[in-house]
Amino acid sequence: LSRISYPDLIDNYNSCEGKGFIVSKGEMHGKLYFSFKSQRDSTFIDFSDFLGRKTILMWFTPEKITVRDLINNTYYSQSQVVNYFPFLKVLNNQNISEVVWGTKPDYKKKIKKYKKENNLEMNYKFKQKQFSSNRLILSSLYYNDRKSGDTFEVEFKSRQWSKNHI
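So, a few notes on the structure that sits alongside this text. The model shown is predicted, which means the values in this text are computed figures rather than measured ones.

A closer look at the side chain of Glu155
Among the structural elements, Glu155 can be located in strand E10 (residues 151-162). Buried within the structure, Glu155 lacks any salt-bridge partner; Lys157 is the closest side chain of opposite charge, at an N-O distance of 4.4 Å.

A few points about the packing of aromatic side chains
Enumeration according to the criterion identifies 9 aromatic pairs in this entry. Between Tyr13 and Trp161, the aromatic rings sit 6.0 Å apart at their centres with planes inclined by 25 degrees, giving stacked as the arrangement. You can see Tyr13 sitting in the loop between helix H1 (6-12) and strand E2 (15-25) and its partner Trp161 sitting in strand E10, a full 148 residues away along the chain. Judged by relative accessible area, Tyr13 falls into the partly exposed class, the value being 27%. You can call Trp161 buried: its relative accessible area is 8%. Pairwise contacts between aromatic rings join Phe34, Phe36, Phe47 and Phe156 into one cluster. The ring of Phe21 carries Lys31 above its face, with NZ or CZ at 4.4 Å from the centroid. We note Lys163 situated over the ring of Tyr13; from NZ or CZ to the ring centre the distance is 5.5 Å.

A few points about the side chain of Thr151
Position of Thr151 relative to the elements: it lies in strand E10. Apart from the residues lying within four places of it in its own chain, the contact partners of Thr151 are Val23, Ser24, Lys25, Tyr142, Tyr143 and Asn144.

Re helix H3 (residues 93-101)
Counting buried positions over the 9 residues of H3 gives 8, a clear majority of the element. Among the residues of H3, Asn93, Asn95, Ile96, Ser97, Glu98, Val99, Val100 and Trp101 are the ones counted as buried. Measuring from the side-chain oxygen of the N-cap residue of H3 to the backbone nitrogen of Gln94 gives 3.0 Å; that N-cap residue is Asn92. Phi for Gly102, located one or two positions after H3, is positive at around 105 degrees.

Examining the pairing of strand E5 (residues 54-60)
Of the pairings in the sheet, the one linking strand E4 (residues 42-48) to E5 comprises 6 bridges and is antiparallel in character. Following the sheet pairing, Asp46 is matched in E5 by Leu57. Remark: 5 residues form the turn of the hairpin made by E4 and E5, two consecutive strands paired antiparallel; Gly52 in that turn has positive phi of roughly 90 degrees. When E5 meets strand E6 (residues 65-69), the two strands line up antiparallel, connected through 5 bridges. Bridge pairing in E6 links Phe60 to Ile65.

Rules of the game
- Residues numbered from 1 in each chain as written.
- Predicted model: local features only at pLDDT ≥ 70, side-chain atom pairs only at ≥ 80, totals over all residues.
- Heavy atoms only, no water.
- Helix = DSSP H or I, 4+ residues; strand = E, 2+ residues; numbered from the N terminus.
- Buried < 20%, exposed > 50% of the residue type's maximum accessible area, 1.4 Å probe, protein only.
- Lys, Arg positive; Asp, Glu negative; His and termini not counted.
- Salt bridge = Lys/Arg side-chain N within 4 Å of Asp/Glu carboxyl O.
- Phe/Tyr/Trp six-rings, centres within 6.5 Å; stacked < 30°, edge-to-face > 60°.
- Lys NZ or Arg CZ within 6 Å of the ring centre and 35° of its normal.
- Contact = heavy atoms within 4.5 Å.
- Polar contact = N/O pair within 3.5 Å; in protein donor to acceptor, adjacent residues only side chain to side chain.
- Pairing = 2+ DSSP bridges.

In C-alpha cells:
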C-alpha cells in the first residue's frame, strides 16, 4: 500500500471538503462535529454542537488562523487558539491543510525540538485507512499531553477531492 502525498493531491485537485468530529478529554472536554473546505493552502472549518448549531468558525491561511466563536460573538487570537487546541503548537497552518486533505504531515523534527525546549510529554498518532487503488489516506489524528492529561482525537468521516474551486 502506498500513501497519497499532499503535492500529488494538489497537482490533481483544486479543493477538498468533508466532515468529522473532535473529542477532547481533560480540562477541555466534549465532542464537536465539524465540516471543512480547503483550497490548496487555505482551509475553512466550521464546528457544530450536538444539536447541529454552528458554534465556531476557523480559517487557516499560510499566515494566520482566524477564529470566531458564534455563540459569544468573539474573535480569538492565534495564541488563544493554540492554547485551546494544544496540538497546534507543533502542527502549523500548512500541516492542518495537509491533514484535512488526508495526508500525514512531516512533524517529527518539530515535535522533538518542541518537547525538548518545553520539557513536555506529548504524543501524536496518525491513523490511516485504505482508499481506492491500494492507497492510504489519513482517517484520524490523536494528541495526548501526558502531563496535563489532555487528549484530542480528530476523526474524519468523509472527504471528497474535487477539480472545482471553492
